[in-house]
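Residues per chain, in single letters:
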Protein chains: 2
Amino acid sequence: MAITIKDIARKANVSITTVSRVINQKSEGIGDSTRKKVLDIIEELDYRPNSIARSMITKQTNTIGLIIPDIRNPFFPELVRGVEDFANQHAYNVFLCNTDGEPKRELEYISLMKEKNVDGIIFTYSCAETIHQLEEIVLDQKIPLVLLDRGVDDQKFSGVSIDNEKAGYLATKHLLDLSHTKIGCITGPAQFPNSKDRLNGYRKALKEAGIPFDQDLILAADFQMDGGYQAAKTLLAKKDITAIFAFNDVMAFGVYQAAAEQGMNIPEDVSVVGFDNINYNQLLNPKLTTIEQSVYDMGEISAKILLEQITQGGDVKNKTLYLEPSLILRESTKKLEN
Amino acid sequence: MAITIKDIARKANVSITTVSRVINQKSEGIGDSTRKKVLDIIEELDYRPNSIARSMITKQTNTIGLIIPDIRNPFFPELVRGVEDFANQHAYNVFLCNTDGEPKRELEYISLMKEKNVDGIIFTYSCAETIHQLEEIVLDQKIPLVLLDRGVDDQKFSGVSIDNEKAGYLATKHLLDLSHTKIGCITGPAQFPNSKDRLNGYRKALKEAGIPFDQDLILAADFQMDGGYQAAKTLLAKKDITAIFAFNDVMAFGVYQAAAEQGMNIPEDVSVVGFDNINYNQLLNPKLTTIEQSVYDMGEISAKILLEQITQGGDVKNKTLYLEPSLILRESTKKLEN
DNA sequence: TTGTAAGCGTTATCAT
DNA sequence: ATGATAACGCTTACAA
């Protein structure tokens, strides 16, 4: 049997109330000698208050839920770390949940987290439809929630994301500046807001340069390497494309594979721009030019916003933050010679 | 105010006991009509029992702690996923904790997990000393714990790991078979049991081949890319080394960098073997020959063992499992011409 | 088949 | 400055 506040009280000849007071550092009204006595006994017995019992009363668990598609996607470890570090610094623990982007599991985890009485949730969703149901589940119970990365709805929830449109614009502009005009695009799933926004940036850059938008140059994939590979194969085959903009680095890896298979060199035959700047991608040959998003920061900031909402309680205003993307120039893009 | 078992009871005109019974699916003694009535109301009000309150009584939280050095190390996402999947399938949630291998944080997290009343802990430690303190903290309270990956102590705790000695042997043997005799070794921190075991395998292979062991060929690093890079620089400079065995892939990446800097080609000038077979390393040029460990499986198995211990309660025998490593032949090793 | 009541380990309220 | 006691929301003997 674990040792409880009662044991401390008994051994110190005080009431459990007193013990509770010294544990919670109530400054008011405790004799110095009593405090010391209690503290000593706590130390001696190595007593730790049972946080479950505490939670019952305080309605706080010092726990947050972090729901993401898949930690194996190299984008997420950095993000998770940002969340966990900030949370831990503020005495919170984090439940990690992988949904694989399946709507059913997304909803299940949300429910589960509610059942476990987390103080708040950070959620990277995959399915737009989930968001609607979220409102029912979360909104009326006022459990703080911040949407992370995949599109953000600044009406109903707080959110953190990069400025995806700007990012799409930057990447495309870079290729245009290198005289490319036939720029293939491998997007994420069409319904993802982040994909839409990046594509908007792409169109904007094109329009600015007076180049017509060609739907045939756009292929949707799944943010996986093989998806990028398949899409690249199609793009490289059927069009006189001189550059490809992949909406994440992992898919850009697939482009590398497809190019190698077809005996095309990067960047001589085709320029490639990625997205995310995940670790170790500078090991690629040639090194990948890509869009950097401060993933760790995103995680940290989302945790910060969440904890603010938690501590401020009830009716805080939602807050949506957009981080600045930037272009990392490496070796996979090259001016088009003619 | 969230809705409780009382609300259900009141609305159904039954006692909370009855409600509790139908929630927990006690087969015994509940009238079909009552059950249906209660179920309907639960559905209607979308009631979920408060797991905190439940935990107070049952002494179970359906929660486990997973303590690792750093999720950003590409070895861990796969492992974490294995744990989380298995846990989730059995209605457990997992707290993710990153220690950066700092002994202080390792201990803190263990304590924290105890305070949060997790049902068990999966622990990848970094500091041998931590293990001693673990005994005090964990053993006398019989909180189930399984040691993962970094060395295993089959006396006091359960554990899951690959057969590191065999892995070291396999890698070294492969290089010996290719006629290499001057084989540099970049190990992990010297005190890590997994490093020691891998080195033992290296020695064993050498001995078998009748080649003397040379301590100067062995450099300890930190499992990070830069550590591998530094060590490789030293090794490549001072010795007529023709092959390097790095104790993880990330350090092998560092070897690639160092080799490139010194204008050495892999595998023509130096053969390289890695360890872990992390994702995307086949994107390296040349593709990395490495030791495969079934990381996902390790995670899954550790979760399985942990849950067994949890459900069997009290005095289960500790269980230590060693998985089989295997050599993945790719392009970074080559027969030594002479 | 159903209900009453005790109790889990805390904190919060109100006395003393 | 300290203590008695009622919660918190549930499960579980023990009754009925």
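Thresholds applied
- Residues numbered from 1 in each chain as written.
- Chains lettered and ligands numbered in written order.
- Predicted model: local features only at pLDDT ≥ 70, side-chain atom pairs only at ≥ 80, totals over all residues.
- Heavy atoms only, no water.
- Pairing = 2+ DSSP bridges.
- Helix = DSSP H or I, 4+ residues; strand = E, 2+ residues; numbered from the N terminus.
- Near = heavy atom within 4 Å.
- Polar contact = N/O pair within 3.5 Å; in protein donor to acceptor, adjacent residues only side chain to side chain.
- Core = buried A, V, L, I, M, F, W, Y, C linked by side-chain atoms within 4.5 Å.
- Buried < 20%, exposed > 50% of the residue type's maximum accessible area, 1.4 Å probe, protein only.
- Least-squares fit on C-alpha atoms with pLDDT ≥ 70 in both.
- Contact = heavy atoms within 4.5 Å.
- Arc of directions from axis to C-beta.
- Salt bridge = Lys/Arg side-chain N within 4 Å of Asp/Glu carboxyl O.
- Axes fitted to C-alpha atoms, helices over the stretch in contact; angles between N-to-C directions.
- Patch = residues over 30% accessible without salt bridge, like charges linked within 9 Å, V, L, I, M, F, W, Y side chains within 5 Å.
- Areas by Shrake-Rupley, 256 points an atom, 1.4 Å probe, with all protein chains shown as cover.
- Domains from an automatic or database assignment.
- Buried area = accessible area lost by both parts, 1.4 Å probe.
- Phe/Tyr/Trp six-rings, centres within 6.5 Å; stacked < 30°, edge-to-face > 60°.
- Lys NZ or Arg CZ within 6 Å of the ring centre and 35° of its normal.
- Nonpolar A, V, L, I, M, F, W, Y, C, P; charged D, E, K, R; others polar.

Draft legend 1. Local environment of the pairing of strand β10 (residues 289-292) of chain B. Residue and element names in this part refer to chain B. Where strand β9 (residues 271-276) and β10 come together, four bridges link them in parallel fashion. Residue pairing across strands places Val273 opposite Thr289, the latter belonging to β10. Alignment of β10 against strand β12 (residues 326-328), held across three bridges, turns out to be antiparallel. If you follow Ile291 over to β12, its bridge partner there is Leu327.

Draft legend 2. Focus on the protein's contact with DNA strand C. Residues in close proximity to DNA strand C total 30 residues, the closest being Thr17, Arg21, Gly29, Gly31 and Ile57 of chain B. Taken together, the sugar and phosphate atoms account for 59% of what DNA strand C places within 4 Å of the protein. Separating a phosphate oxygen of DNA strand C from a backbone N or O atom of Ile5 of chain A is a distance of 2.8 Å. A distance of 2.8 Å separates a phosphate oxygen of DNA strand C from a polar atom in the side chain of Tyr47 of chain A.

Draft legend 3. Spotlight on the nonpolar core. One finds Ile64 and Phe245 of chain A together with Ile64 and Phe245 of chain B to be the most contacted residues of the largest nonpolar core, which totals 152 residues. Grouped together as the second largest cluster of nonpolar side chains are 36 residues, Cys97 and Ile121 of chain A together with Met113 and Val118 of chain B included.

Draft legend 4. Molecular detail of the relation of the copies chain B and chain A. Of the two same-sequence chains, chain B is brought onto chain A (RMSD 0.1 Å, axial shift 0.0 Å) by a rotation of 180°. On this basis, the relationship between the two copies can be described by a two-fold rotation axis. Nearest to the rotation axis, the C-alpha of Phe95 of chain B is located 2.3 Å from it, this being the minimum over chain B. Of all interface residues in chain B, 96% are interface residues in chain A too; the two copies therefore contact each other through one and the same surface.

Draft legend 5. Looking closely at helix α1 (residues 5-12) of chain B. Residue and element names in this part refer to chain B. Buried within α1 we find Ile8, Ala9 and Ala12. Looking straight down α1, one finds its buried side chains confined to an arc of 100°; they lie on one side. Residues of α1 that are exposed and point over 90 degrees away from its buried face: Lys6 and Arg10. Where the residues of α1 are buried, they touch α2 (16-23) and α3 (32-45). For α1, the side-chain oxygen to backbone nitrogen distance between the N-cap and Lys6 is 3.1 Å, and the N-cap itself is Thr4. Once α1 finishes, Asn13 follows within two positions and takes phi at roughly 60°, a positive value.

Draft legend 6. Geometry of the pattern of salt bridges. Scanning the entire structure with this criterion turns up 34 salt bridges over all chains. With its nearest N and O atoms 3.1 Å apart, the salt bridge here joins Glu308 of chain A to Lys319 of chain A. Pair noted here: Glu308 of chain A is in helix α12 (residues 295-312) and Lys319 of chain A is in the loop between α12 and β11 (320-323), with a separation of 11 residues, a long-range link. Residue class for Lys319 of chain A comes out partly exposed when judged on its relative accessible area of 37%. Arg81 of chain B is the partner of Asp85 of chain B in a salt bridge, and the nearest nitrogen-oxygen pair spans 2.4 Å. Residue Asp85 of chain B and its partner Arg81 of chain B are both found in helix α5 (residues 76-89); the two are separated by four residues, about one turn of the helix.

Draft legend 7. Looking closely at the sheet that holds strand β10 (residues 289-292) of chain A. Residues and elements named next belong to chain A. Taken in spatial order, the six strands of this open sheet run β7-β6-β8-β9-β10-β12, and their pairing is mixed. A strand with exactly one partner marks an edge of an open sheet, and here the two such strands are β7 (218-220) and β12 (326-328). Taking the axes of each pair of neighbouring strands and ignoring which way they run, one obtains an average angle of 20° across the sheet. Strands β6 (183-187), β8 (243-246), β9 (271-276), β10 and β12 of the sheet are contacted by helix α8 (residues 164-177), whose axis makes an angle of about 160° with β9. Along the sheet, helix α10 (residues 225-238) makes contact with β6, β7 and β8, crossing β6 at roughly 155°.

Draft legend 8. Just a nonpolar patch on the surface, in detail. Taken together, the side chains of Met56 and Ile57 of chain A together with Met56 and Ile57 of chain B define a hydrophobic patch exposed on the protein surface, amounting to about 410 Å² of accessible area. Owing to a relative accessible area of 69%, Ile57 of chain B belongs among the exposed residues under this scheme.

Draft legend 9. View of the domain arrangement of chain A. Residues and elements named next belong to chain A. For chain A, the domain assignment lists domain 1 (5-58), domain 2 (63-163 + 295-326) and domain 3 (164-292). Taking only C-alpha atoms, the centre of domain 2 and the centre of domain 3 are 28 Å apart. Each partner contributes residues to the interface: domain 2 has 14 residues there, and domain 3 has 17 residues. Here domain 2 packs against domain 3, burying approximately 1,300 Å² in sum over the two surfaces, 53% of which is carbon and sulfur. The largest share of the area that domain 2 buries against domain 3 comes from Arg150, Asp163 and Ser326, three residues that together contribute 33% of it.

Draft legend 10. Looking closely at the side chain of Ser158 of chain A. All names here are of chain A. Tracing the backbone through its elements, the reader meets Ser158 in strand β5 (residues 158-162). By relative accessible area, Ser158 is classed as buried at 0%. Reaching out from Ser158, the side chain makes a polar contact with the side chain of Gln309 at a distance of 2.3 Å. A distance of 2.9 Å separates the side chain of Ser158 from the backbone nitrogen of Lys319, its partner in a polar contact. Among all residues touching Ser158, those that are not within four sequence positions of it are Leu145, Val146, Leu147, Ile305, Gln309, Asn318, Lys319 and Thr320.

Draft legend 11. Structural context of the packing of aromatic side chains. Residues and elements named next belong to chain A. Under the counting rule described, the total for this entry stands at 13 aromatic pairs over all chains. A ring pair is formed by Phe75 and Phe76, whose centres lie 5.1 Å apart and whose planes are at 85°; its orientation type is edge-to-face. Considered together, Phe75 and Phe76 belong to a single accessibility category, that of buried residues. With a centroid separation of 6.1 Å and 50° between ring planes, the pair formed by Phe192 and Phe223 is classed as tilted. In this pair, Phe192 is assigned in the loop between β6 and α9 (193-208) and Phe223 in the loop between β7 and α10, connecting sequence segments 31 residues apart. Residue Phe192 is classed as buried on the basis of its relative accessible area, which comes to 6%. When its relative accessible area of 8% is taken as the criterion, Phe223 is described as buried. Here the aromatic cluster, defined as three or more aromatic residues joined through ring pairs, consists of Phe245, Phe247 and Phe275. Here Arg198 stacks its cationic end above the ring of Phe275, 3.6 Å away from the centre of that ring.

Draft legend 12. Representation of the sheet that holds β9 of chain B within the structure. Residue and element names in this part refer to chain B. Ordered by their spatial adjacency, six strands build an open sheet running β7-β6-β8-β9-β10-β12, and the pairing between neighbours is mixed. With partners counted over all chains shown, the strands left at the sheet margins are β7 (218-220) and β12, one partner each. Taken pair by pair, the neighbouring strands of this sheet meet at an average axis angle of 20°, ignoring direction. Taken strand by strand, helix α11 (residues 249-261) contacts β6 (183-187), β8 (243-246), β9 and β10, and its axis lies near 155° from that of β9.

Draft legend 13. Representation of the interface of chain B and chain A within the structure. Contacts between chain B and chain A engage 49 residues on the former and 48 residues on the latter. Linking chain B with chain A are eight salt bridges. With a closest N to O distance of 3.9 Å, Glu78 of chain B and Arg72 of chain A form a salt bridge. Counting the contacts that link chain B with chain A gives 24 residue pairs in polar contact (both at pLDDT 80 or more). Where the side of chain B that touches chain A is concerned, the elements lending two or more residues are α4 (51-58), α5, β2 (93-98), α6 (103-115) and α11 of chain B. Element by element, the count of residues in the side of chain B that touches chain A is highest for α5 of chain B, at seven residues. When its residues are assigned to classes, the side of chain B that touches chain A shows 23 nonpolar, 14 polar and 12 charged.

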